[in-house]
Amino acid sequence: MPFVDATSLILRAAAEGVQPDPELWLDKWSEQHVNIPKGSAFSGPYRLAHTPYARRILQALSPSHPASRVIAMVASQLFKTQTFINAALGWISCAPGNILALEPTDGLAKRLSARMTKAIDACDAAREKVAAPRSRDKRNTIDTKEFDGGVLYITTAGADANLAEISARYVFGDEIDREGWKSGAEGSKTKLAEARQTTFEGISKAYLVSSPTVLGASEIHEQFLAGTQERYHVPCPHCGHLHELVRQNFHYDYDPDTQ
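What this report covers is the structure whose coordinates are included nearby. In this text, all values refer to a predicted model and were calculated from it rather than measured experimentally. (Residues numbered from 1 in each chain as written. Predicted model: local features only at pLDDT ≥ 70, side-chain atom pairs only at ≥ 80, totals over all residues. Heavy atoms only, no water.)

## Some remarks on unusual backbone geometry
Look at Glu175: it is not a glycine, yet its phi comes out positive at around 50°. Within the secondary structure, Glu175 is located in the loop between strand E7 (170-173) and helix H7 (189-195). Assessed through its relative accessible area of 10%, Glu175 is described here as buried. For Gln229, which is not glycine, the phi dihedral falls at a positive 55°. What makes Gln229 partly exposed here is its relative accessible area of 31%. (Helix = DSSP H or I, 4+ residues; strand = E, 2+ residues; numbered from the N terminus. Buried < 20%, exposed > 50% of the residue type's maximum accessible area, 1.4 Å probe, protein only.)

Structure below.
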């Protein structure tokens, strides 16, 4: 029986453990590795040409970017969940650590889990890192997906206990203006969620998203005002000047013959 040099083994493992994460820019990585499953509006290889406003978000969610909190206040059905899915796949593949994904309801948590399962199956770079579904040791279930270097937890924000038991490098808070995110007995749910990242200070990412609700009572609006307040700009069709697309600058002609 061959003997293993324990000292060399320990030193090799320690050297690998202190290596920094490889440089990862999620906008470029997504177009190289992410595939949208069949049944979606744009199935096939992920292309930012369909949602160019997601590029800046993906860049800020990249481990190579200095931002630790990324806030997206946008309309429904734009890019919020898909952007998280892309980021999670990249983190799993290249910069692993526990991921805590929080939804306002149990139904949305199950829906996100189903989308994540399909996304992992369609991504070679992440699939090889994730435990096989329905394995006997329960490492890949509806609310828990174990991978090399961490675990993806998908649960609801409603119970404070869900926010207090997990240490996570990455936190995703979806639709934080919804009822399930209202402050509980222990205070702000978003603050409780971000407190799970204390262990990973300096390398953590918190991604909070929502469509805004009522001005003055909107959590996502308060979070947006606390940040850099970046807005997506579009080119003028006449002069090419970049500007924010606001309603007063949106002009169109009404042709009754087309109705």
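## Observations concerning the side chain of Asn98
With respect to the helices and strands, the residue Asn98 is situated in the loop between helix H4 (80-94) and strand E4 (99-103). Looking at Asn98, its side chain comes within polar contact range of the main-chain nitrogen of Val151, at 3.0 Å. Leave out the neighbours within four places in its chain, and Asn98 touches Gly150, Val151, Tyr153, Ser167, Ala168, Arg169 and Tyr170. (Polar contact = N/O pair within 3.5 Å; in protein donor to acceptor, adjacent residues only side chain to side chain. Contact = heavy atoms within 4.5 Å.)

## Focus on the pairing of strand E5 (residues 144-147)
Burial of E5 is one-sided: the residues Lys145 and Phe147 facing one way are buried, the residues Thr144 and Glu146 facing the other way are not. Pairing between E5 and strand E6 (residues 150-156): four bridges, direction antiparallel. Following the sheet pairing, Lys145 is matched in E6 by Leu152. Count of turn residues in the E5/E6 antiparallel hairpin: two residues, of which Gly149 carries a positive phi of about 100°. (Pairing = 2+ DSSP bridges.)

## Regarding the nonpolar core
Counting residues in each nonpolar core, the largest one holds 43 residues, and the members touching the most others are Phe84, Leu89, Trp91, Ile99, Met116 and Tyr207. Looking at this core, the element that brings in the most residues is H4, giving eight residues. Setting aside anything within four residues of it in sequence, one finds Met116 in contact with Phe84, Ile85, Ala88, Leu89, Lys145, Leu152 and Ile154. (Core = buried A, V, L, I, M, F, W, Y, C linked by side-chain atoms within 4.5 Å.)

## Side note on the sheet that holds strand E3 (residues 69-73)
If you walk across this open sheet you meet the six strands as E3-E8-E7-E4-E6-E5, and the pairing is mixed. Each of the sheet's edge strands pairs with one partner strand only, and the pair in question is E3 and E5. Between one strand axis and the next, the sheet turns through 10° on average, direction left out of account. The strands touched by H4 are E4, E5, E6, E7 and strand E8 (205-210); relative to E8, the strand with the most contacts, the crossing angle is about 165°. Lying on the sheet, helix H5 (residues 106-121) is in contact with E4, E5, E6 and E7; it crosses E6 at an angle near 150°. (Axes fitted to C-alpha atoms, helices over the stretch in contact; angles between N-to-C directions.)

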